[in-house]
Amino acid sequence: MEHDAARLDYDGSLYRLTMRRLLRNTGHEPITRYLIRISVDRYPGEPERSNAHYRTHPLTWDELSLTATCRGETMRWQAKHDRDAFKEVWLLFENQQGRFPLYPGESVWIEYAYSAGEEKWGRWFQRAVRLPTEHLAVELAFPAYLDPAVWGTETSMTAEAAPLRTAPVQREENGMRIFSWSTSAPALHARYRLEWRFRNRPEHDANQGEIR
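From a predicted model like this one, the values you see are computed outputs, not experimental measurements.

Colleague: Is there a simple way to think about the overall build of the protein chain in this case?
Modeller: The helix and strand inventory of the protein chain stands at two helices and 18 strands. The C-alpha radius of gyration of the protein chain comes to 18 Å, within 12% of the 17 Å expected for a compact globule of 212 residues. Buried residues in the protein chain amount to 48% of all 212 residues. Summing over all exposed atoms, the protein chain offers an accessible surface of approximately 11000 Å²; the carbon and sulfur share of this is 47%. Charge centroids of the protein chain, computed over 29 positive and 30 negative side chains, lie 2 Å from each other.

Colleague: I tried to follow the layout of surface pockets on my own but got confused; where do I start?
Modeller: Gaps left between atoms show up when a probe the size of a water molecule is rolled over them. Considered as a void within the structure, the largest pocket measures approximately 490 Å³ in volume. Looking at the largest pocket, it is lined by 25 residues, and the ones nearest its centre are Met1, Leu23, Tyr34, Arg130 and Leu131. Of all elements in the fold, only strand 2 (14-24), strand 3 (33-39) and strand 11 (124-128) reach the threshold of two or more residues within the lining of the largest pocket. For the lining of the largest pocket, the leading source of residues is strand 3, giving five residues.

Colleague: Explanation requested: the packing of aromatic side chains in the structure shown.
Modeller: The geometry of an aromatic ring pair is captured by two quantities: the separation of the ring centres and the angle between the planes. This model, assessed by the stated rule, comprises ten aromatic pairs. A ring pair is formed by tyrosine 10 and phenylalanine 142, whose centres lie 6.4 Å apart and whose planes are at 70°; its orientation type is edge-to-face. Note that tyrosine 10 is positioned in strand 1 (residues 3-10) and phenylalanine 142 in strand 12 (residues 135-143), a separation of 132 residues in sequence. Judged by its relative accessible area of 1%, tyrosine 10 falls in the buried class. Assessed through its relative accessible area of 0%, phenylalanine 142 is described here as buried. Where phenylalanine 142 meets phenylalanine 179, the ring centres are 6.3 Å apart and the plane angle is 55°; that geometry is what we call tilted. Of this pair, phenylalanine 142 sits in strand 12 while phenylalanine 179 is found in strand 16 (residues 176-184), placing the two residues 37 residues apart along the sequence. Here the two residues phenylalanine 142 and phenylalanine 179 agree in accessibility, since each one is buried. One aromatic cluster in this structure is built from Tyr10, Tyr15, Phe142, Phe179, Trp196 and Phe198. Looking at lysine 87, its charged tip hangs above the ring of tryptophan 61, at a distance of 5.2 Å from the centre. Directly above the ring of tryptophan 124 sits arginine 193, whose terminal nitrogen or CZ lies 3.4 Å from the centroid.

Colleague: Would you mind going over the sheet that holds strand 12 with me for this structure?
Modeller: Hydrogen bonds between backbone groups are what pair the strands of a sheet, and the pairing can be parallel or antiparallel. Strand order in the open sheet formed by eight strands is 5-4-10-2-1-12-16-15, with mixed pairing between adjacent strands. Two strands lie at the open edges of the sheet, namely strand 5 (73-74) and strand 15 (169-173), each paired on one side alone. As defined by bridge partners, strand 1 adjoins strand 2 across eight bridges and the pair is classed as antiparallel. Residue aspartate 9 lies in a different strand from strand 2, and its bridge partner there is arginine 16.

Colleague: Whenever I open this one, helix 1 (residues 47-56) confuses me. Can you help?
Modeller: Among the residues of helix 1, Ser50, His53 and Tyr54 are the ones counted as buried. Seen end-on, helix 1 carries its buried residues on one side only, within an arc spanning 90°. Opposite its buried face, helix 1 presents the exposed residues Glu48, Arg55 and Thr56, each directed more than 90 degrees away.

Colleague: Help me out: how do you make sense of the environment of asparagine 174 in this one?
Modeller: Along the chain, asparagine 174 falls in the loop between strand 15 and strand 16. Counting along the chain gives 31 residues from asparagine 174 to proline 143, while the straight-line C-alpha distance between them is 9.2 Å.

Colleague: Just checking my understanding: could you explain the sheet that holds strand 17 (residues 191-198) for this structure?
Modeller: Ordered by their spatial adjacency, four strands build an open sheet running 11-17-13-14, and the pairing between neighbours is antiparallel. Of all strands in the sheet, those bounded by a partner on one side alone are strand 11 and strand 14 (162-163). Pairing between strand 11 and strand 17: five bridges, direction antiparallel. Within the sheet, the bridge partner assigned to tryptophan 124 lies in strand 17 and is glutamate 195.

Here is what the cut-offs are and how they apply
- Each chain carries its own residue numbering, running from 1 in the direction its sequence is written.
- At least 70 in pLDDT is required for a residue's local features to be given in this predicted model, at least 80 for side-chain atom pairs to be given and counted, and no such filter applies to totals for whole chains, interfaces and linings, which use all residues.
- Just so you know, side-chain values use all the structure's heavy atoms and leave hydrogens and water out.
- Helix and strand labels come from DSSP, where a helix needs a run of H or I of at least four residues and a strand needs a run of E of at least two; each type is numbered from the N terminus.
- Values of the radius of gyration come from C-alpha atoms, whereas the globule rule sets the reference at 2.2 Å times the count of residues to the power 0.38.
- A simple rule labels every residue: compare its accessible area, found with a 1.4 Å probe on the protein chains alone, to the largest value its type can have, and call it buried under 20%, exposed over 50%, or partly exposed in between.
- Methods summary: accessible areas were calculated by the Shrake-Rupley approach with a probe of 1.4 Å, and residue burial reflects only the protein chains presented.
- When charges are counted, Lys and Arg are positive and Asp and Glu negative, with His and the chain ends excluded.
- A single reference atom marks each charge: NZ on Lys, CZ on Arg, CG on Asp, CD on Glu.
- Think of a 1 Å grid over just the protein atoms. A cavity is a set of points where a 1.4 Å probe fits yet cannot get out, a pocket is an open set with protein on both sides within 12 Å along at least five of seven lines, and lining residues have an atom within 4 Å of a point.
- Grid points are joined across faces, edges and corners, and a volume is the space filled by probe spheres set on the points.
- Only rings of Phe, Tyr and Trp enter the pairing, Trp through its six-membered ring, and a pair is recorded when the two centres are within 6.5 Å. The plane angle decides the type: under 30 degrees is stacked, over 60 is edge-to-face, the rest tilted.
- Here, a charge over a ring is recorded when the distance from Lys NZ or Arg CZ to the ring centre is within 6 Å and its angle to the ring normal is within 35 degrees.
- Two strands form a pair only when DSSP identifies at least two bridges running between them.
- As used here, the arc is the angular range of directions from the helix axis to the C-beta atoms.

This is the structure in structure tokens:
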């Protein structure tokens with residue numbers, strides 16, 4: 001992974017997640033598919049409560065509205081696992097018009113996006129480093145009128161959660177407050193988690209969610 005850029009946009013009720021990744025094939029065979037994971041947990045630390053919630057309100061493909069592109073081409077996708085609160089999906093380097101595999105030595109950008117309502121997603125966004133990665137960047141965009149506050153933690157294979165080594169940087173654009181954070185050469189298997197609260201919205205509305 002040469003570059004992993006993730007952005008979360010919230011409009012007050014719906015989250016839209018957009019992931020852009022610059023992949024490099026360092027192997028000896030063409031790459032024809034790429035695995036992504038989508039996982040939600042509205043009540044972290046309360047597995048029974050979360051399981052009951054998603055049995056009644058499962059995460060559906062229709063609401064996700066998953067799209068993916070590569071080299072300006074639409075990518076087909078296939079579900080690998082389809083559970084109430086967890087999805088695994090193969091993004092395929094092909095569509096009805098043809099195939100465009102990633103050959104050894106090549107690099108290519110892929111982009112995929114999906115949506116989730118706040119009753120399914122929530123107020124945290126986690127990035128897990130599963131492949132050697134050169135650069136990781138995250139942006140969160142919220143309506144400024146909600147007066148959002150953002151903080152983050154890092155968890156590794158050998159240490160519990162600790163504050164991010166650098167603070168997210170914020171700016172305002174067109175009524176949105178945008179928080180940006182990045183790091184170079186993140187440790188393999190590290191998890192970077194950004195959390196937020198809306199100071200102009202009662203805390204009892206808080207939900208929880210995760211992307212991996």
